[in-house]
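Close look at the chain arrangement
Single-letter residue listing:
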Amino acid sequence: MTARLVATVAASALLAFAVPGAAQEEKLSPAEGVPPGPMLHGKLELSLASAIAMGLENNLDVQVQRYGPILSGYDEEIAWGAYDPELFTQLLYSDVKRPTSSPLEGEDRVVERSTAGFGGFRGLVPLLSTEYSAQFDGGRYTTDRNFEALSPKLESSWSLRLTQPLLKDLIWNEPWTQVKTTRIRLESSQEDFRRAVMDTVGAIEGAYWTLIADEERFRVARKSVDTARALLEQTETQHEVGVVSRVEVTEAEAGLARREFELIVAENQYRNQLDVLIDLVLGPHLRAASTLEIEPSDRPQDYVQYEVDVEAAVALAFANRPELAAARKEVERQTVQAKFTGNQRLPELD
């Protein structure tokens, strides 16, 4: 298995040279707005490792799933952003002119001007859900009212605040729940990508060996037709010299017809399986006029047979199958969601 993986990786490096012209895209078609892709013709001798490498390179499902972990990683970074300290500030300017309502304020009108502002930082501590903030306020105020003793008047203040939830929002608040769920989704998306790769590899390997089996069945059917035709010629010769009856000639003709029918069925199965393998290996690059045929170069006798420990194989499958891992991640995500929902039912005590 290790040697096969190494061969797969090596074959992927030679992917551009595996099919003549496969890596050369034609010019953009103005009418359709998409590149038509190369026209594939002729025969391509392909090993199993090369077929797997080309299939992984050209499979659109694998290409789509490849972006899943990347996008999930961005979602996790966004979730952690809830704990980034936030800097804030605000500046205010006011200029008020109003008529006087009392002779004590002045003669005609009162002018009041103020320049004020505040700034600081605030944030949230992960896990403990402690909210913290520090703020500085300051301002300058002027007025021409007669009884105002201080003009201009300067004011400033500092304020520090810590809020620690004791019941509701302790640990399982919305930001921490989002962090946990996005991390689980990241791991689940990695399993989805692994599943897409494993499914593609399994489908290509199965189609490759099925094609070899159908090719062998087709070869046997051709040989069977040749044998039946030779038997018919021999029976006709014996009938001409009077050795056998006409009934035996008819039986030989029926046998030949049956072998020819089996040959047609075997050829159709072989051609259909060939299309299946070509689609798995070169799907997006195929066009209606493509006449490519794949000729497998590996044979079953080239591989060493070995005994399989069923118990160990089943245990290994349960440990490594991405579907089971993804299901476990979904259970973990639902557990986190249940903890958050249960915490939100608690009374608020800070």
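Before reading on, note that the structure itself is shown above.
In this report, we go over the structure that sits alongside the text. (Residues numbered from 1 in each chain as written. Predicted model: local features only at pLDDT ≥ 70, side-chain atom pairs only at ≥ 80, totals over all residues. Heavy atoms only, no water.)

Moving on: the overall build of the protein chain. A tally of regular secondary structure across the protein chain gives seven helices and six strands. In the protein chain, the order of α-helices and β-strands from amino to carboxyl end is α-β-α-α-β-β-β-β-α-α-β-α-α. Every one of the 350 residues in the protein chain was classed for burial, and the buried ones make up 29%. Across the protein chain, the fraction of contacts at a sequence separation of at least 24, relative to all contacts at a separation of at least 6, is 70%. (Helix = DSSP H or I, 4+ residues; strand = E, 2+ residues; numbered from the N terminus. Buried < 20%, exposed > 50% of the residue type's maximum accessible area, 1.4 Å probe, protein only. Contact = heavy atoms within 4.5 Å.)

This next bit is on the sheet that holds strand β2 (residues 86–99). The strand order across the open sheet built from four strands is β2-β3-β4-β5, with neighbouring strands paired in antiparallel fashion. Looking at the sheet topology across the chains shown, the edges are occupied by β2 and β5 (153–163). Strand-to-strand twist in this sheet, taken as the mean axis angle between neighbours without regard to direction, amounts to 10 degrees. Where strand β3 (residues 109–124) meets strand β4 (residues 131–143), 13 bridges bridge the pair, whose relative direction is antiparallel. Looking at β4, one finds that Gly-123 is bridged to Tyr-132. (Pairing = 2+ DSSP bridges. Axes fitted to C-alpha atoms, helices over the stretch in contact; angles between N-to-C directions.)

In total, this model carries nine aromatic pairs according to the counting rule given. Plain terms: the ring middles of Phe-218 and Tyr-270 are 5.8 Å apart, the flat faces sit at 25 degrees to each other, and that makes the pair stacked. Here Tyr-270 lies in helix α5 (residues 246–282) and Phe-218 lies in helix α4 (residues 174–240), a separation of 52 residues in the sequence. Look at Tyr-270 and you get buried, because its relative accessible area is 10%. Through pairs of rings, three or more aromatic residues link up here, namely Trp-80, Tyr-83 and Trp-176. Taking NZ or CZ as reference, Arg-122 lies 4.1 Å from the ring centre of Phe-88, over its face. (Phe/Tyr/Trp six-rings, centres within 6.5 Å; stacked < 30°, edge-to-face > 60°. Lys NZ or Arg CZ within 6 Å of the ring centre and 35° of its normal.)

Right, let's talk about the pattern of salt bridges for a bit. Following the criterion strictly, the structure yields 20 salt bridges and no others. For Lys-153, the salt bridge is made with Glu-155, and the minimal N-O distance between the two is 3.7 Å. Glu-215 is the salt-bridge partner of Arg-299, the closest N and O atoms lying 3.4 Å from each other. Residue Arg-299 is located in the loop between β6 (293–296) and α6 (310–320), and its partner Glu-215 is located in helix α4; the two are separated by 84 residues in the primary sequence. (Salt bridge = Lys/Arg side-chain N within 4 Å of Asp/Glu carboxyl O.)

All quantities given are derived from atomic positions and should not be read as evidence of function.
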